[in-house]
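The residues making up each chain are set out below.
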Amino acid sequence: MNERLVNLLLVEDNKAEAFLIKEYLRDSKKLRFNIIVTTTLKDAKEVLKENHVDLILLDLSLPDSQYPDTVEEIVSNFNHIPLVVLTGYDDEKWALQSIQKGAQDYIIKKDLSRTLLDKTLIYSIERHKLRLLYLDAAKTIRENELKLINLIDTLPDGMVLLNENCVVRFINKAMFDIISKKKEDVIGKFFFLKFCMFKHPYEVAEFEIELNEGEGKLFFETRSKPILWQEEQCCLVSFRDITSRVNAQNRLRMIAKVMESALEGIFITDLDFKIIEINKSFTEITDYEFNEVKDRDISFMSAGAFELDKYQYIYEHVRLIDTFAGEISHRRKSGEIYPIWLTISAIKDESGKTTNYVGIFTDITQRKILKHNLRLLAHHDALTGLANRTLLYDRLNQVIAESKRNNQSFAVLYIDLDGFKPINDKYGHDIGDRLLIELTNRLKGLIRESDTISRLGGDEFAVITRNIKSSNDASLIAQKILDTVSAPFQIEDKKCKVTASIGISLYPDNSNDAQGLLKLADEAMYKIKHDKKNGYTFYSS
């Protein structure tokens, strides 16, 4: 399969991020990119004026422009080119505003991946192409309507009188205009269109005329009637130029193919938002066939009363400013609820009057799952799934506030494994990782659900144990951890043995802030590790 060449303008002032994006784009399996990189909005505008660009990938924050001016500057001057926004802000409000200002999509930099970048750019190009096709088709239809009115009001059809040998006896001015020939080159000459209307009188036919090289084709509808002309059997042939109609039909067929091949669900409604047409992806996403949705309000698929009310707001919004873009929840025919990104736009006639509405929507379930998983990874250890240091501090602050409010105490246990490094060095990181996972499972069996276990990195862990009555409670927990850690680990055919050194700090006796508690527990851990290992000790000043 031939890769399509896309001229892409990357506007990014961070060299490292620009390099990473270029590397991702070079790996695209569906598109081949010719990449132009600029670092400022000023340079970007110069490139767009002097070069053919198919797609713009724009960082919101540039040295000479900041959001929202960056998007407005590009869209207001180059709205014929699809725009995808790069942003470091994980803020749906900013992303929605970018799309409302004309961007096709947005990518949050921390979410960036080859797959996401490739998919987003392909979808953006196709969505923009579909939008341009709709606008172009609407324009063509309006122009054709004007041409048809002018033809009826001011110009007759082309008329030609032919004898039995297809020699021209008469031709009217309209036909002269059609064929662009002089009278002396036509009258009495064999008609240059090689057909004979005598075989099928009164027949309505269509045919095309190839113009001079490079000028394209004309399409005509013909009607014929045999008549007697100056004692000669002739045939009067009328020619109606249907080139515009054929081209419009071809364009509509092309649009229909685009609709059917689009991955997004597409629907067209009347002015009351009743469905009059859908595409194949609409059925694939919703499970509804056309006959099940025809003449129904699109809101019938909304997921509950709140979303139904939201649709009323959407309708008012579209009637007011002709467009809407946002997230809403739908319900499939099976009853399953799923999120979509929905865009609705008004279709207008040549007088500016709205005639229909077109909606495009995408199932964003996977995008939301990915976003949730990324948020999860930001606060949890990738290997064990335990809370990471960031989440540990958050939990510590929560427990401090709760303990202060309820006049309670709690302990922080800082755990460091003894003998783990030799196992890692001897058997490899895979065995070491599996030991850490097994240790995590053991610790989870010891700790209450209200408590927190965190992996701080390497072979270091921390435990927050809430609402202890005295230091003895912390001692009991520490001893249970020592016992469970010291029990041998069987990893495949390898028997591994480790112990633990545990440092303990108490709230509020030792410290009343998160950093202080963890630091003091760490100091206590190093003391026991230095003295004897395989034990625990409380922090003492």
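We now turn to the structure provided with this report.

Each value, and the rule that gives it
Residues numbered from 1 in each chain as written. Predicted model: local features only at pLDDT ≥ 70, side-chain atom pairs only at ≥ 80, totals over all residues. Heavy atoms only, no water. Helix = DSSP H or I, 4+ residues; strand = E, 2+ residues; numbered from the N terminus. Core = buried A, V, L, I, M, F, W, Y, C linked by side-chain atoms within 4.5 Å. Buried < 20%, exposed > 50% of the residue type's maximum accessible area, 1.4 Å probe, protein only. Contact = heavy atoms within 4.5 Å. Pairing = 2+ DSSP bridges. Axes fitted to C-alpha atoms, helices over the stretch in contact; angles between N-to-C directions.

### A look at unusual backbone geometry
Stage number 1. Here the amide bond leading from Tyr507 into Pro508 is cis, since omega sits at 5°, within 30 degrees of zero.
Stage number 2. Residue position: Pro508 is located in the loop between strand E21 (499-507) and helix H16 (514-531).

### With respect to the nonpolar core
Stage number 1. Ranked by size, the top nonpolar core spans 30 residues in total, and within it Leu413, Leu417, Phe461, Ile481, Ile502 and Ile504 carry the most contacts.
Stage number 2. The set of elements that each furnish at least two residues to this core consists of strand E16 (409-418), helix H13 (420-427), helix H14 (429-446), strand E18 (460-468), helix H15 (471-486), strand E19 (489-491) and E21.
Stage number 3. For Phe461, the contacting residues outside a window of four places in its chain are Leu386, Leu413, Tyr414, Ile415, Leu417, Leu436, Leu439, Thr440, Leu443, Ser454, Arg455 and Leu456.
Stage number 4. Counting residues in hydrophobic clusters, the runner-up holds 27 residues, among them Leu9, Leu41, Tyr67 and Ile364.

### So, the sheet that holds E18
Stage number 1. Ordered in space as E17-E18-E16-E21-E22, the five strands form an open sheet in which the pairing is mixed. In the strand order of this sheet, the two ends are held by strand E17 (452-457) and strand E22 (535-538), each with one partner. Here the average twist between neighbouring strands, direction ignored, is 20°.
Stage number 2. Both E21 and E22 contribute to a ladder of four bridges, which runs parallel. Bridging across to E22, Ile502 finds its partner in Tyr536.

### Some remarks on the sheet that holds strand E13 (residues 323-331)
Stage number 1. What the five strands build is an open sheet, ordered E12-E11-E15-E14-E13; its pairing is antiparallel. Both outer strands of the open sheet, strand E12 (275-278) and E13, are each paired with one neighbouring strand and no more. Each strand of the sheet is rotated relative to its neighbour by a mean of 25°, with strand direction disregarded.

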